[in-house]
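Here's the letter readout for the chains.
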Amino acid sequence: MRCDIVRQMVVEEGVERPTAIQAHLESCSDCKEYLRQWEIIRAGFFALRESEVPEPSIGFATRVIRRLEDASTEIQTGQQFVDQIGRRFVYGTLMVALMLLLALVIPSSGPFRSSGISESILAQAQVATLSSEQILGVDGIDSSNATDSSPAPTVNQNPGARGSK
Amino acid sequence: MPNSRPDVSQEAEWIRHCQSGEKEAFAPLVGAYQRRVFSIVFHLVRRRNDVEDIVQEIFMKAFAAIESYNFQSSFGTWLNRIAVNHCYDYLRRQRSSRVTYYWEMSEEGQREIESHSRSPEEGGLNSEEKLALGDLVTKLLTRAPAEDRVILTMKEIEDKSVEEISEILGLKLSTVKVRLHRARKRMVKDLQKWQEGR
């Protein structure tokens, strides 16, 4: 008989040991020792079985119910807090989203935007370029020399007209 | 508060009230089962000072989960399952934080245990020997994995049948038998290891 099977059977309480197991125990010192050890442990278990279990103190059930009520109040308070924070967070997010949407939807020029100023600065720069061209002439020749032989070209009489094109 | 088992129909009525959210209806159920839960918790945890807090937590958990109780098994078995699972988690947490082992104990401590572990004759043990052996087994149980501790406690201390254990733990009968055998073997091995290492 295998030692493992014998050991499984010998620890069972209230089971009469078959002769084969008894014979194995007499011949196998390891199994005999295993049984001896188990009997020590089982005696300890018996002792623990008899040990006095602590009694619930007076009003235990009432305390459990009170704790349940406290817990549900705490949960409610927690939920209210989360609700408030959550609501604020949602409002804040909506505001940011609205701002972004407005920034994208509103045209880049017009009464709601100040970017028209940059365009006027660009126009002024173009005017300045034209006036320098007027001084130098279209081909870059000094116009003061040209006045000797011919009158000033009529195209230069209205410098703003080129810039507006 | 009553501690005896209530009438089944009365118990069912309390449970239904609890399922509809009436906390007050839970009080008689706590009263009826508190001793039973105290016994399980004490035998599994073996910390007298912690038992009441743990039992309170178990009843809180039971109330929170009472909607899921479907009257298939008895309320006691259902409650036992919650208690055992809760203790199992507790023991696992305790084990991970525990560092004292037999072979790490002082010589004095080992000698003390040695004097306690004399081979006893069942029934013929005096109160001092019972205390000593109980202490030895408690220490062996404390060292055992939570799984072994739960199954051995239910079988050897709570004196539950293999069938009851399988119902509480939600395991097959054969699995319970295998685990029980493995747990006993480990415990004997642990005792031998300690005795060899003295």
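Colleague: Looking at this structure, I do not really get the overall build of chain A. What am I missing?
Modeller: For chain A, the helix and strand inventory stands at 7 helices and 0 strands. Ordered by position from N to C terminus, the α and β elements of chain A give α-α-α-α-α-α-α. Across the 165 residues of chain A, 10% fall into the buried class. Counting only contacts in chain A whose residues sit at least 6 apart along the sequence, the fraction spanning at least 24 positions is 40%.

Colleague: Just to check I follow, could you spell out the overall build of chain B for this structure?
Modeller: When you go through chain B residue by residue, the secondary structure sums to 9 helices and 0 strands. Traced from its N-terminal end to its C-terminal end, chain B shows the element sequence α-α-α-α-α-α-α-α-α. Residues classed as buried in chain B amount to 34% of the 198 residues present.

Colleague: Any chance you could explain the environment of His-181 of chain B here in plain terms?
Modeller: Residues and elements named next belong to chain B. Mapped onto the secondary structure, His-181 falls in helix 9 (residues 173–196). You can call His-181 partly exposed: it has 16 C-beta atoms within 10 Å. Spatially, the C-alpha atom of His-181 lies 9.5 Å from that of Leu-152, the residues being 29 residues apart in sequence.

Colleague: Just checking my understanding: could you explain the confidence of the model for chain A for this structure?
Modeller: Low pLDDT marks regions whose predicted coordinates should not be analysed in detail. Residue and element names in this part refer to chain A. Per-residue confidence for chain A gives a mean pLDDT of 74; residues scoring 70 or more make up 64%. Element-level mean pLDDT values for chain A span from 46 in helix 7 (residues 159–163) up to 88 in helix 3 (residues 29–50). Confidence drops under pLDDT 50 across residues 146–157; counting only partners more than four residues distant or on other chains, this segment forms 5 contacts. Per-residue pLDDT stays below 50 along residues 159–165; that stretch engages in 9 contacts with residues further than four places along the chain or on separate chains.

Colleague: Mind showing me how you'd approach the packing of helix 3 of chain A against helix 9 of chain B here?
Modeller: A packed helix pair is summarised by two numbers, namely the angle formed by the two axes and the spacing between the axes. Between helix 3 of chain A and helix 9 of chain B, the shortest axis-to-axis distance is 10 Å and the interhelical angle comes to 95°. As judged from the angle between their axes, helix 3 of chain A and helix 9 of chain B are roughly perpendicular. Counted together, Tyr-34, Gln-37, Trp-38, Ile-40 and Ile-41 of chain A of helix 3 of chain A and Arg-184, Met-187, Val-188, Leu-191 and Gln-192 of chain B of helix 9 of chain B form the full contact between these two elements. Class assignment for the residues of the contact of helix 3 of chain A with helix 9 of chain B results in 7 nonpolar, 2 polar and 1 charged.

Colleague: Would you take a moment to explain the interface of chain B and chain A for this structure?
Modeller: When the parts of a complex come together, some accessible area is lost, and that lost area is often used as the size of the interface. Contacts between chain B and chain A engage 43 residues on the former and 32 residues on the latter. Residue assignment for the side of chain B that touches chain A shows that the elements contributing at least two residues are helix 2 (26–45), helix 3 (48–65), helix 6 (127–143), helix 7 (146–157) and helix 9 of chain B. Partitioned by chemical class, the residues of the side of chain B that touches chain A number 21 nonpolar, 11 polar and 11 charged.

Colleague: Would you mind showing me how to read helix 7 of chain B here?
Modeller: Because the α-helix completes a turn every 3.6 residues, residues three or four places apart line up on one side. Residue and element names in this part refer to chain B. Relative to the 16 Å expected for 12 residues at 1.5 Å per residue, helix 7 spans 15 Å between its end C-alpha atoms, a close match to the ideal helical length. Taking burial as the measure, the 12 residues of helix 7 include 10 buried ones, the bulk of the element. Within the span of helix 7, buried status applies to Asp-148, Arg-149, Val-150, Ile-151, Leu-152, Thr-153, Met-154, Lys-155, Glu-156 and Ile-157. Two residues or fewer after helix 7 comes Asp-159, characterised by a positive phi angle close to 60°.

Colleague: Just to check I follow, could you spell out the nonpolar core for this structure?
Modeller: As a rule of thumb, soluble globular proteins bury nonpolar side chains together. Residue and element names in this part refer to chain B. Among the nonpolar cores identified, the biggest contains 61 residues, and Val-37, Val-41 and Ala-83 are the most heavily contacted of them. For this core, the leading source of residues is helix 2, giving 11 residues. Ignoring sequence-local partners within four residues, the contact set of Ala-83 consists of Val-37, Ile-40, Val-41 and Ile-58.

Colleague: So what exactly am I meant to see when it comes to unusual backbone geometry here?
Modeller: Leaving glycine aside, a negative phi is the common case for residues, and trans is the common case for peptide bonds. Residues and elements named next belong to chain B. For Arg-46, which is not glycine, the phi dihedral falls at a positive 55°. Looking at the secondary structure, you find Arg-46 in the loop between helix 2 and helix 3. Positive phi, close to 60°, is recorded for Asp-159, a residue that is not glycine. For Asp-159, the location among the structural elements is in the loop between helix 7 and helix 8 (162–169).

Colleague: Any chance you could explain the packing of helix 2 of chain B against helix 3 of chain B here in plain terms?
Modeller: Residue and element names in this part refer to chain B. Axis separation between helix 2 and helix 3 bottoms out at 9 Å; the angle between their running directions is 130°. One way to sum up the angle between helix 2 and helix 3 is to call them oblique. Of the two possible hands of crossing, helix 2 and helix 3 adopt the one that is right-handed. In this structure, helix 2 uses Phe-26, Val-30, Gln-34, Val-37, Phe-38, Val-41, Phe-42 and Val-45 to contact helix 3, whose residues at the interface are Asp-50, Val-51, Ile-54, Val-55, Ile-58, Phe-59 and Phe-63. In terms of residue class, the contact of helix 2 with helix 3 is made up of 13 nonpolar, 1 polar and 1 charged.

Conventions adopted
Residues numbered from 1 in each chain as written. Chains lettered and ligands numbered in written order. Predicted model: local features only at pLDDT ≥ 70, side-chain atom pairs only at ≥ 80, totals over all residues. Helix = DSSP H or I, 4+ residues; strand = E, 2+ residues; numbered from the N terminus. Buried ≥ 20, exposed ≤ 12 C-beta atoms within 10 Å, placed from the backbone. Contact = placed C-beta atoms within 7 Å. pLDDT = per-residue confidence, 0-100. Axes fitted to C-alpha atoms, helices over the stretch in contact; angles between N-to-C directions. Parallel < 35°, antiparallel > 145°, perpendicular 65-115°, else oblique. Nonpolar A, V, L, I, M, F, W, Y, C, P; charged D, E, K, R; others polar. Expected span 1.5 Å × (residues − 1). Core = buried A, V, L, I, M, F, W, Y, C linked by C-beta atoms within 7 Å. Left-handed = near helix turned anticlockwise from the far one by under 90°.

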